Every structure is written in C-alpha cells, then in structure tokens.
2 protein chains.
Amino acid sequence: MPVEALKCKECGERYPLEAKFVCEHCFGPLEVAYDLSGLDPDETRRRIQSGPSTIWRYSDFLPFDRRPRTALAAGVTPLVRADRLAERLGIREVWVKNDAANPTHSFKDRVVTVALAKVRELGYRVVACASTGNLANAVAAHAAAAGLESYVFIPADLEEQKVLATGVYGTRLVAVRGSYDDVNRLCTQLSGERDWAFVNVNLRPYYAEGSKTIAFEVAEQLGFELPDRVVAPVASGSLFTKIARGFEEWLQVGLLSGDLPTFNGAQAEGCAPVASAFEAGRDVCRPVRFPDTIAKSLAIGDP
Amino acid sequence: MPVEALKCKECGERYPLEAKFVCEHCFGPLEVAYDLSGLDPDETRRRIQSGPSTIWRYSDFLPFDRRPRTALAAGVTPLVRADRLAERLGIREVWVKNDAANPTHSFKDRVVTVALAKVRELGYRVVACASTGNLANAVAAHAAAAGLESYVFIPADLEEQKVLATGVYGTRLVAVRGSYDDVNRLCTQLSGERDWAFVNVNLRPYYAEGSKTIAFEVAEQLGFELPDRVVAPVASGSLFTKIARGFEEWLQVGLLSGDLPTFNGAQAEGCAPVASAFEAGRDVCRPVRFPDTIAKSLAIGDP
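Residues numbered from 1 in each chain as written. Chains lettered and ligands numbered in written order. Predicted model: local features only at pLDDT ≥ 70, side-chain atom pairs only at ≥ 80, totals over all residues. Heavy atoms only, no water.

Chemist: How would you sum up the state of the cysteines? Please name residues and give values.
Modeler: All names here are of chain A. This structure, assessed with the given rule, holds 0 disulfides over all chains. Among the cysteines around C26, which has no disulfide bond, C8 carries the closest sulfur, lying 3.4 Å off. With relative accessibility at 34%, the residue C26 sits in the partly exposed group. (Disulfide = S-S within 2.5 Å. Buried < 20%, exposed > 50% of the residue type's maximum accessible area, 1.4 Å probe, protein only.)

Structure, rendered in structure tokens:
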C-alpha cells in the first residue's frame, strides 16, 4: 500500500504511523504522507470497482498497510441528480451528494470509520471525542459496533434530543460544565494523560483522511470524471481541503484527467469567519465570538 | 419485459395496466401479473449487475415495459453484518437491512418510487396519499423531485414535528378533522371523484410491487444466496408478503436455488392483531381498537 508515514505540514519532519498529531520540532500539525508513484491507474481502478460498497474500496488512498475490516463502515452514498435545482439555477447539471445515507446520517461516519480502524490497529481499547452532534453519534455508534468502550464529552447544557440520540448507542456521555471550547480543551489535556484514542485529537491525521473519500466517490459516480465545480460547506475547513486533496491524488495517479474543479465554500451568514477573510483578502480569520446559525455543524467561530 | 397485466387475486380476471385496484366482477384486490418464463438466469443477473444503483436494476421484475427513469429513486441500501447482535442471540450470522439510507429514510421510498414512475407513465399530474408519517415524507419528496403537484392528507391533530418534516418538501398538506381511518376513507372517496393518483389506493397494485426489491437486494448482497430466516415487521402485512414474493420470483427464474427462508413477523405488543390471530390459530384478525405502541408505523389495528 502507498501509505508511508506521518509528516509535518510545516517542516516536513517524518514520524511513524502512530497516535501523534503535533510535530516535536516545530509544533506544526501532522498529516499522512503517501507514495502514489507505484499505482497503475488501470489496476487501481479495477481494484476500486471490485472492492466493497464502502469507503474501503479506496484503501489504496487511506493510511493502512492492508484493507481494514470494520464492523460498521460508511460511504458509497447516493449522488443524486437534481434537475429542478439545475433549472432554477440556470445551469445544465447539478448533483447532490447525499451523505445522510451514512449509518449515523452524516459525513462524520467516513472520518470515524478511518479513525476507528486505526484505533484497532494501534490496539487502543477506549475511544473518545468532544462533540455536540454528528461526531458524537458517529463515535458512539462505530465504537459500539466494534465492541470498544467510548466516552463522548459534551457541554452540560446540550439539548436533550441530541443527548438522547447519542446515548442510544450505549456510550459514556460526560457532561462538562462549560462551553464547547472548554470541552475541547479538556479533551486535548486528557489525550496527554490517558491512554485513550481521541478521534479528532491524537488520531486526527488519520481521521481527516476519511473526508477524501467524498471526492473519490463523486468522481467514480460520474464515471471517473471530474466535476466542473464543487460547492461544499466550510466549518473547520478540513472537509473542504480534503475534497480537493482527493481529486489531486487521483489526477496524480491518472485515474482522472483535466483540471481541478472550481471550489466554492459555503458558510452561514451568522458564522462566516472564512468567507469574511476571503472577501476581505485576509490570510487569517477573525474569530466569530457568538456564532448565530441553525446550521449547528457549521457554527465554528474560530476555525 | 415480463409484466403482463393486472389480475384479480380472488377470481383471476385480468385488466390492462391502468390505475385500478378492485376487480369489477368480484371486488377482489388486483395485483400485477408477470410471465417470467422467458427470463434466462445468467442474462438476467448480468442485466441486474450492470444496472443503476437503485431499485431500477430489478426492473425485469417491476410493472413497466421499459426501465423507468425517475428524478429520485430508492434502494441499494446497506446490508450490515451485526456480529455483536449475532453473538448475543447465540447464532452465527445476523444481517440488518438499513433502509433508513433511502432518500426519506424509510422503505416507503421504494414503493413510492414505483408508484410515481407509473403515475408519470399514465399521465397523472397530481399525486396524493393519506399518511401520518413515512409515506407522507416519501410522497412529498418524490413528487417535488418529479415536478408533480401533491396532496398529503393527515389527521388534524398530527404532531407538529411530523407536519414540518413533510411540509418542508413543499407539498399541500390537508388536515382532516378525524382519525386516521377517517382520513383514509376520505381518500378512497376522493380517488373515485378526482383524477388524482393516490399512491396507496388506485395505484396500490404498482406501489406494493416496490417492496419486493428488499428481497432482491438482500439476495444479491448475500452473493445471490437466500437467507435461512427473515425477520420483518408486520403492519398491513404487505411488505412481509412481498418479500416472500420476491424470493419466490427469483427461485422461479433460477437466480436463486434452495428453499424459501423461514419467515418471522414482528409486531408491537400494544398492536399485534396478526400475531394474536397466528398464535390463536385464527384465519382472520380481530381488530385492535386502540393501538398503543411507540412504533407508530406498525400501529395498524385493523390490517
């Protein structure tokens, strides 16, 4: 498999594929590095097409030495052609990627599937996350299916319906008195003290790789063709950038040809730190102190 | 295509494939009749495997002369292996068919997809149904995608969340003062007066065919093999019997071999007219006057 190492995004320092997310030298974030030069496009396409109907059909591009088997997977969700929306917009074709068809109804199933496969490979017994919604559901459900113990840290004032939806999977819900930022900080501290796998802290480099599979699926579902334009929501920006990365990798291998799509990021009016910075031509976001949007999954004021 | 006619379940009288659901001679219910004798198993399997990732891959077994194209489809939902449940039950393998991955999150997307394809073929402009939940969502969503006008009749005291979930698709919600039975009776009357397609009244013979696709998918996902046992919920009993019909048709064509699975029907304790009749060895159900269950989709007291 093409996966090679963890690599610092800033200084390029390399590390073995362990539960590590910060560079020891420059404190830059780590990501997974691959050597795709050995992949033949025809062979790779055949391997994809004969693979399972889950994200594991793309395991040449995921951080494992062999294709993992997981109790619950994700992906291969419908790409729905929306002709009436296209007509309304005055363009020829619009497709909607319906990731609500994932096991817990969001794209978080993709990233958690990858994180939990790594959790099992590394031998962790306990998996955890801080979340207020979709991630909590995904971690609780995939941990239950895998027979792993799980802890989900939530702000104590979270809505009852959300607590119920996550609790139904039998996870250990820990209510923390404080804001979501406080919960997150607690989890980062805990990840240093406990031998737990926090999917979006010490497992983050693997976790983030799962988002690329949306790009792979869209391209495959279009008949191994690139879309002209991609409109995707932006919260932390991780999904958005990983979709581009997915297309880049397939262009590099020769599974696709042509130019990268134009990318449009979508943010809520009441929480648009990235869109505002882009509009003003600034390189750094000004945090939104009080996000105000019904799109709770996009309410990250300081990405 | 093997589809032939509408046929009375009681007296066998045949009718053309129109919007008709009751026999003119004996008032028996009509169903779709096929002649499957011309289907070669190898050719049929290849046609299925090269078909779209929707129920339309099974159109040899659906009531159309050619494979329909619909704005929104359904089906090819995950069959999830549940090893921990199997262990708990003390058996070797358990699989769960996750039909929540359909566009509006229930198996009603299957039956409505088939009904709406027939609606368009027959040239109706307005589609309607009586419902209190899943069917309402499916009709509203598929009608919107197809650009058809739709009416959904609901009891006036329906919960606000359900009304919202259906209303979001832009259907015409008609609140009727009365019970669900009253709403249903009104729809049956209206289907005689208006030139509307009521998916589960005058379109019912086609609508019901959609349920067979669950059996087709399960068999295909198991590698063209029959399961030993099927556990399925029973409300009206239509889904339950059509799953068996699906397996029977594939056995007849030679796509499957072996014996039909054992079938277990599941009902709620607070609304079990079929289970009670079965237990008592009676051929006819005694209606449950006041269904009492949180499984609202199974709360049909007089199936």
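Chemist: Which residues make up the environment of Q267 of chain A, and what values go with them?
Modeler: All names here are of chain A. On the secondary structure map, Q267 appears in the loop between β11 (262–266) and α10 (273–280). With 191 residues separating them in the primary sequence, Q267 and V76 have C-alpha atoms 25 Å apart. In this structure the side chain of Q267 is engaged in a polar contact, spanning 3.0 Å, whose partner is the backbone oxygen of V234. One polar contact links the side chain of Q267 to the main-chain amide nitrogen of V274, over a distance of 2.9 Å. (Helix = DSSP H or I, 4+ residues; strand = E, 2+ residues; numbered from the N terminus. Polar contact = N/O pair within 3.5 Å; in protein donor to acceptor, adjacent residues only side chain to side chain.)

Chemist: Let's hear about the relation of the copies chain A and chain B: which residues, and what values?
Modeler: You can overlay chain A on chain B at an RMSD of 0.0 Å; the transform is a turn of 180° with a shift of 0.0 Å along its axis. Such values leave the two copies arranged in the relation of a two-fold axis. The rotation axis passes nearest to the C-alpha of A101 of chain A in chain A, at a distance of 2.1 Å. Both copies contact each other with a shared surface, as 100% of the interface residues of chain A are interface residues in chain B too. (Least-squares fit on C-alpha atoms with pLDDT ≥ 70 in both. Contact = heavy atoms within 4.5 Å.)

Chemist: Tell me about the interface of chain A and chain B, and name the residues and values.
Modeler: The partner chain B presents 14 residues to the 14 residues of chain A that form the contact. Buried area between chain A and chain B, both sides added, is near 800 Å², and the carbon and sulfur share of it is 52%. The interface formed by chain A and chain B holds 0 salt bridges in total. The interface formed by chain A and chain B contains 2 residue pairs in polar contact (both at pLDDT 80 or more). Those elements that place two or more of their residues in the side of chain A that touches chain B are β4 (79–81) and α4 (134–146) of chain A. With 3 residues, the single largest contributor to the side of chain A that touches chain B is α4 of chain A. Its residues placed into classes, the side of chain A that touches chain B shows 9 nonpolar, 3 polar and 2 charged. (Buried area = accessible area lost by both parts, 1.4 Å probe. Salt bridge = Lys/Arg side-chain N within 4 Å of Asp/Glu carboxyl O. Nonpolar A, V, L, I, M, F, W, Y, C, P; charged D, E, K, R; others polar.)

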